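# Tertiary structure, described
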Amino acid sequence: VQLQASGGGLVQPGRSLRLSCAASGSIFSINDMGWYRQAPGKQRELVAVITSGGSTNYADSVKGRFTISRDNAKNTVYLQMNSLKPEDTAVYYCNAELTLRIGELSDVYWGQGTLVTVSS
């Protein structure tokens, strides 16, 4: 079981970028999926989370600019980032609460991280 994140890169301020994170392997169910980020010298922080039912929650710093969504058929979570700012520069990590087999407890899995650099 793994989470594979993609979509990072270098982008100018004010532009947009979309991150994707696909869960693969033998998975019974996926609960919450989310995105975190870690800027240089800072702790990892929550960016956005989406429940299996589609409810969302965002960090105040990204509200109105970022949108999290998921495609349950593809076991994939997305992060649409608009109006990017230099302070959004960070390594972005996805995570997901997975239940691998029926009757087992869920566990949290992390993707490998993808670097987003916002600079002119």
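Scroll up for the structure.
The structure displayed is predicted, hence computed values, not measured ones.

Following the criterion strictly, the structure yields one aromatic pair and no others. In this structure, Arg 44 is placed above the aromatic ring of Tyr 93, and the distance from its NZ or CZ to the ring centre is 3.8 Å. Lying across the ring of Trp 110, Arg 44 places its NZ or CZ 4.7 Å from the centre.

In terms of strand pairing, strand S1 (residues 2–6) meets strand S3 (residues 17–24) through five bridges, oriented antiparallel. Bridged to Ala 5 within S3 is Cys 21. Taken together, the six bridges between S3 and strand S8 (residues 76–81) define a ladder with antiparallel strand orientation. By the bridge assignment, Cys 21 is partnered in S8 with Val 77.

The topology assignment puts Ala 59 in the loop between strand S6 (56–58) and strand S7 (66–71). Taking the C-alpha atoms as reference, Ala 59 lies 9.2 Å from Val 49; in sequence the two are ten residues apart. When residues no more than four places from it in sequence are discounted, the contact partners of Ala 59 are Leu 46 and Val 47.

Moving on, we come to the sheet that holds S3. A sheet is described by the order of its strands in space; here four strands give the open sequence S1-S3-S8-S7, paired in antiparallel fashion. Among the strands making up the open sheet, the edge pair consists of S1 and S7. Within the sheet, the average angular offset between the axes of one strand and its neighbour, ignoring direction, is 15 degrees.

Opposite charge on two side chains permits them to pair, given that their charged atoms come into close proximity. What the rule picks out here adds up to five salt bridges. The partner of Arg 101 in a salt bridge is Glu 104, with the nearest N and O atoms 3.5 Å apart. Using a relative accessible area of 39% as the deciding quantity, one classes Glu 104 as partly exposed. Look at the salt bridges and you will find they share partners, linking Arg 37, Glu 45, Arg 65 and Asp 88 into a network.

It is characteristic of soluble globular proteins that their nonpolar side chains tend to be buried jointly. With 32 residues, the main nonpolar core has Trp 35, Val 47, Phe 66, Ile 68, Leu 79, Met 81 and Tyr 92 as its most contacted residues. Secondary structure elements with two or more residues in this core: S1, S3, strand S4 (29–38), strand S5 (45–50), S7, S8, strand S9 (90–99) and strand S11 (114–118). Sort the elements by how many residues they give to this core and S9 lands first, with five residues. Setting aside chain neighbours within four positions, we find Ile 68 in contact with Met 33, Gly 34, Trp 35, Ala 48, Val 49, Ile 50, Thr 56, Tyr 58, Val 77, Tyr 78 and Leu 79.

About the thresholds
Residues numbered from 1 in each chain as written. Predicted model: local features only at pLDDT ≥ 70, side-chain atom pairs only at ≥ 80, totals over all residues. Heavy atoms only, no water. Phe/Tyr/Trp six-rings, centres within 6.5 Å; stacked < 30°, edge-to-face > 60°. Lys NZ or Arg CZ within 6 Å of the ring centre and 35° of its normal. Pairing = 2+ DSSP bridges. Helix = DSSP H or I, 4+ residues; strand = E, 2+ residues; numbered from the N terminus. Contact = heavy atoms within 4.5 Å. Axes fitted to C-alpha atoms, helices over the stretch in contact; angles between N-to-C directions. Salt bridge = Lys/Arg side-chain N within 4 Å of Asp/Glu carboxyl O. Buried < 20%, exposed > 50% of the residue type's maximum accessible area, 1.4 Å probe, protein only. Core = buried A, V, L, I, M, F, W, Y, C linked by side-chain atoms within 4.5 Å.

So, to be careful, I would describe these as geometric facts and stop short of saying anything about function.
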